Amino acid sequence: MTSALRSFRRNVPGAFPVFPLSIALCCAVLCGWLLPETARAQEQPRQERQQTTPKQDLIIMQRVSGPVELDGLSFEPAWQSVEPYVPSQYEPNNGTPPTERTEMLIAYDEEYLFLALRAYDRNPEGIRANTLYRDRLSNDDHFEILIDSYNDNETGMLFNSNPRGHRREAAISNDASGGGIASGGWINVNFNTYWDVETVIADSGWFSEMRIPFSSLRFQPREDGTVIMGLTLQRKVVRKDERVVFPPVERISNWAFLKPSLAQKFLLEGIESELPVYVTGYGLGGAGETAQLERGVWGYDRDVTREIGADLKYQFANNATLDLTLNTDFAQVEADDQQINLTRFSLFFPEKRQFFQERAAIFDFRTGGLSRLFHSRRIGLTEDGAPVRILAGARGAGRFGQWDIGALTMQTAPTFSQSENFGVLRLRRKVFNPWSYAGAMGTSRIGVDGAYNFAYGLDGVFRLFGDDYLTLQWAHSFDDMRIDSPDYRPLNGGRMTVQMERRRSREWEYRSILAWAGADYDPGIGFSQRNDFTLVDNMLSYTWLPPEGARLIFHTFEMAGFTYLRNEDGSIESAQVGPRWSYGARNGTRGQAGFMVLYEDLSAPFSIGEVEIPAGSYTFWEAEVSYGESNTNRYRLGPTLQAGPFYDGWKVTAAARPTWYVSPHLEISGRYEYSRIRFPDRDAGLHAHLLRFRIGMALDTQASANVFLQYNSISDVLSSNIRLRYNFREGNDLWLVYNHGMNTARNRFNPAPPLTDNRTLLVKYTYTFQL
């Protein structure tokens, strides 16, 4: 290690000024929990501790005794017969009563589920409500409800509101567990549905009422007509970094309060949703221009847009929906985040389009890391994110008896290539116990010229005992070009994965993966970063949960590593191993530090920008440290520092994620990442800059604007995405969208292109009505 450091210092004189910063940041991470707690409220009078409500096996949910006036205050006669629940702290002192009086109410009638919060506060000036912007959580005090409407202990819907009545939804999958095969995210923040909320801020605290139609929840009645749902309710007091939940939840994982399997089970009787039909029509108009070089002269190709289209959502059963779309448009979707790619693998971009969000967890078939058998972004978008017209499509998802079923078909127009049809069918069901399932998926991609790609997969997740799970997967793809090849071998199109893991973040946790992929594995509407490998991946960690009164909530030591072997000769293609330590403190700070030894054997060169990494074998290391300030702060920096050798050179990367909650009407955030990469022996190198800058503005919960500016020096991208929205009501919106792209590498071309590469201005109006 000492010799490696000396070599690094000798070869990296220009990088060594960053080491004082590295040392300072390490000190912040290792000692941040010693800092006094921030943003403490002024000295408060003592209050009598509430008696918390314990979790029960099953609670019969209470009915409201009359009509509920949705005004935020749950004191009218309809609520008088509803007994409130008193939550327990999840953090910082797990299991203890809340420090501020809190009452949560749950009730229902034939059409709606009602939820209410009485968030008393002895310091109402300390109530945080940083945003009015729809679908954004900005370190606000909030009331959040997790609903496992299918009672499957795996999936759920999340409803969230702050004291000013903003709304945010999300969908939970995989029982809020995201390690191993499931890595890549178990929460879908792009999900939306129909519901209402009203809030009131008063001298005694803040109060909230939510009204959620049963038609928005989807549920599975039992044979006797009753319904069981799991619910978890929580209140966040940001200035104290305190989260209280009902039912009480032990901190067995980082997000245990969002695990459907830990929710309180409620029994409901006599409910049946309306089975509504929603029709959403849109009109789109605008103009744009794109720089074009013709006969040695730059000019602009101008285009006028006039479009109409419609979507239909039909809930044909309590637990199933059908979505139809005609001439689909996604003009209002926010631009993708720019990324700097310092690897030889493709970048992954998440799905943001609303049409693909309904019960998206059913279509989830992840095969390890970011790879998956089906990725909906392959439909209607090119590899670089340019839109492809979708002529029409249908998508259905629901539960039928013991089966979860999802199906999709989409037809694209010949915009950039031939017209294609995309198809997906997903089946799965519970087996053995409530926490295990087995399933299958099939996908198809067929061109009008007869070209095709088919893929199928079989998967199962089995809870063996306690928190220990076994995952088995097999996927296989084949297409017309490979089948017609004389040396075609069917098994070369397969991919197999076996995983054992313990899903908890308390004491010992482990994950062990064995995976194999053939050289011809290529799911036509999936995502796969590499093929023709055998993977061995292991992780072992131990998490300490200090007692109440300690400065740390938790700290974890982890040792992890993986090895990719080439199937052809068994040689190592990639390997990585190293320790990592992370912590969370009661004052709200978070941090981690890690060290990794990496090995890469490049059979072919690859490029980062204009710099080429030669073929060859490389062993190098990387150290990383990051620090997160307390959520109690209205301004946070979120610094990260990485440094170490990099192939035959060295790399230093410094990044920050600043956020400033100026007021409930204005939020400024961004990310800046700078990488300095040098290859001294080749006298080569580069400076890589990545900037994302967002300004969120909201006049109220209806009128909002979002400015998103991005710069990527590797891709020579400087772009802006400006969206103004007026939400008349759920499903009825007016959008004004302006996109502007600029040429940042004009000196590389002769003749030089104009400064503006492209720009569009679009106006879109959507209106939803119920049949």
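Residues numbered from 1 in each chain as written. Predicted model: local features only at pLDDT ≥ 70, side-chain atom pairs only at ≥ 80, totals over all residues. Heavy atoms only, no water.

1. Structural notes on the overall build of the chain
And then number 1: Assigned secondary structure in the chain consists of five helices and 44 strands.
And then number 2: Projected onto its principal axes, the C-alpha coordinates of the chain cover approximately 75 × 60 × 55 Å.
And then number 3: Every one of the 771 residues in the chain was classed for burial, and the buried ones make up 53%.
And then number 4: Sequence separation of at least 24 residues holds for 61% of the intrachain contacts in the chain that already meet a minimum separation of 6.
And then number 5: For the chain, the exposed surface amounts to about 33400 Å²; the carbon and sulfur share of it is 56%. (Helix = DSSP H or I, 4+ residues; strand = E, 2+ residues; numbered from the N terminus. Buried < 20%, exposed > 50% of the residue type's maximum accessible area, 1.4 Å probe, protein only. Contact = heavy atoms within 4.5 Å. Areas by Shrake-Rupley, 256 points an atom, 1.4 Å probe, with all protein chains shown as cover.)

2. Focus on the packing of aromatic side chains
Pairs of aromatic rings are described using the distance from one ring centre to the other and the angle between the two planes.
And then number 1: This model, assessed by the stated rule, comprises 34 aromatic pairs.
And then number 2: Here the aromatic rings of Trp508 and Tyr542 are separated by 4.9 Å at their centres, their planes lie at 75°, and the arrangement is edge-to-face. Linking Trp508 in strand β27 (residues 507-517) with Tyr542 in strand β28 (residues 533-544), this pair joins segments that are 34 residues apart in sequence.
And then number 3: Relative to Tyr647, the ring of Phe606 has its centre 5.8 Å away and its plane inclined at 70°; by these criteria the two rings are edge-to-face. Of this pair, Phe606 sits in strand β32 (residues 606-608) while Tyr647 sits in the loop between β36 (640-646) and β37 (649-656), placing them 41 residues apart in sequence. Tyr647 matches Phe606 in its accessibility class, with the two residues each being buried.
And then number 4: In textbook terms, an aromatic cluster arises when at least three aromatic residues are bridged by ring pairs, as seen for Phe606, Tyr618, Phe620, Phe646 and Tyr647. (Phe/Tyr/Trp six-rings, centres within 6.5 Å; stacked < 30°, edge-to-face > 60°.)

3. So, the pattern of salt bridges
And then number 1: Under the definition given, this model contains 48 salt bridges.
And then number 2: Among the ionic contacts, a cluster of salt bridges with common partners joins Glu100, Asp121, Arg122, Arg235, Arg239 and Lys240. (Salt bridge = Lys/Arg side-chain N within 4 Å of Asp/Glu carboxyl O.)

4. Concerning the pairing of strand β17 (residues 320-328)
And then number 1: In terms of strand pairing, strand β16 (residues 297-317) meets β17 through six bridges, oriented antiparallel. Paired with Leu312 across the bridge in β17 is Leu324. (Pairing = 2+ DSSP bridges.)

5. Observations concerning the nonpolar core
And then number 1: Judged by nonpolar contacts, the single largest core of 34 residues is most densely connected at Leu113, Leu115, Met229 and Leu231.
And then number 2: Broken down by secondary-structure element, the contributors of at least two residues to this core are β4 (102-108), β5 (112-120), β6 (142-148), β7 (156-161), β11 (205-213), α4 (214-217), β12 (227-237) and β14 (264-268).
And then number 3: The contact partners of Leu231, leaving out residues within four places of it in the chain, are Met61, Ile106, Leu113, Leu115, Leu146, Ile147, Phe246, Pro247, Ala263, Gln264 and Phe266. (Core = buried A, V, L, I, M, F, W, Y, C linked by side-chain atoms within 4.5 Å.)

6. Remarks on the sheet that holds β11
And then number 1: Taken together, the five strands give an open sheet; going across it, the order is β2-β4-β5-β11-β10, and neighbouring strands pair in mixed fashion. Taken across any chain shown, the strands that pair with only one partner, and hence form the sheet edges, are β2 (62-63) and β10 (196-202).
And then number 2: Alignment of β4 against β5, held across seven bridges, turns out to be antiparallel. Bridge pairing in β5 places Ala107 opposite Phe114.

7. A closer look at unusual backbone geometry
And then number 1: Residue Phe246 is joined to Pro247 through a cis peptide bond whose omega torsion reads 0°.
And then number 2: With respect to the element layout, Pro247 can be found in the loop between β13 (242-246) and β14.
And then number 3: Cis geometry marks the peptide bond from Asn750 to Pro751, where omega comes out at 5°.
And then number 4: With respect to the secondary-structure elements, Pro751 resides in the loop between β43 (732-743) and β44 (756-770).
And then number 5: The backbone of Asn174 sits at a positive phi, close to 60°, despite the residue not being glycine.
And then number 6: By the secondary structure assignment, Asn174 is in the loop between β8 (168-172) and β9 (187-188).
And then number 7: Taking the relative accessible area as the measure of exposure, Asn174 reaches 14% and is therefore buried.

8. Some points on the pairing of strand β41 (residues 703-712)
And then number 1: In terms of residue burial, β41 counts as a mostly covered element, since eight of its 10 residues are buried.
And then number 2: Between strand β40 (residues 684-698) and β41, which pair antiparallel one after the other, the connecting turn spans four residues.
And then number 3: For β41 and strand β42 (residues 717-729), the ladder comprises 10 bridges, and the chain directions are antiparallel. Pairing of Ala703 across the sheet is with Tyr726, part of β42.

9. Topic: a nonpolar patch on the surface
And then number 1: A cluster of nonpolar side chains, namely Leu724, Tyr726, Phe728, Leu734, Leu736, Leu761, Val763, Tyr765, Tyr767, Phe769 and Leu771, defines an oily patch on the protein surface of about 960 Å² accessible area.
And then number 2: When residues of the nonpolar patch are traced back to their parent elements, those giving at least two are β42, β43 and β44.
And then number 3: A total of five residues in the nonpolar patch trace back to one element, the largest contributor, which is β44.
And then number 4: When you line up the elements, Leu736 lands in strand β43. (Patch = residues over 30% accessible without salt bridge, like charges linked within 9 Å, V, L, I, M, F, W, Y side chains within 5 Å.)

10. Considerations on the side chain of Asp175
And then number 1: As for its placement among the helices and strands, Asp175 is situated in the loop between β8 and β9.
And then number 2: On the accessibility criterion, Asp175 (4% relative accessible area) is buried.
And then number 3: Reaching out from Asp175, the side chain makes a polar contact with the side chain of Ser261 at a distance of 2.8 Å.
And then number 4: Setting aside residues up to four positions removed in sequence, Asp175 forms contacts with Asn153, Glu154, Lys259, Pro260 and Ser261. (Polar contact = N/O pair within 3.5 Å; in protein donor to acceptor, adjacent residues only side chain to side chain.)

11. A closer look at the environment of Arg463
And then number 1: You can see Arg463 is positioned in strand β24 (residues 452-465).
And then number 2: Along the sequence, Arg463 and Ala394 sit 69 residues apart, while their C-alpha atoms lie 34 Å from each other.
And then number 3: Here Arg463 is in contact with Asn433, Trp435, Ser436, Asp468 and Tyr469, once residues within four sequence places are set aside.
And then number 4: One polar contact links the side chain of Arg463 to the main-chain carbonyl oxygen of Gly466, over a distance of 2.5 Å.

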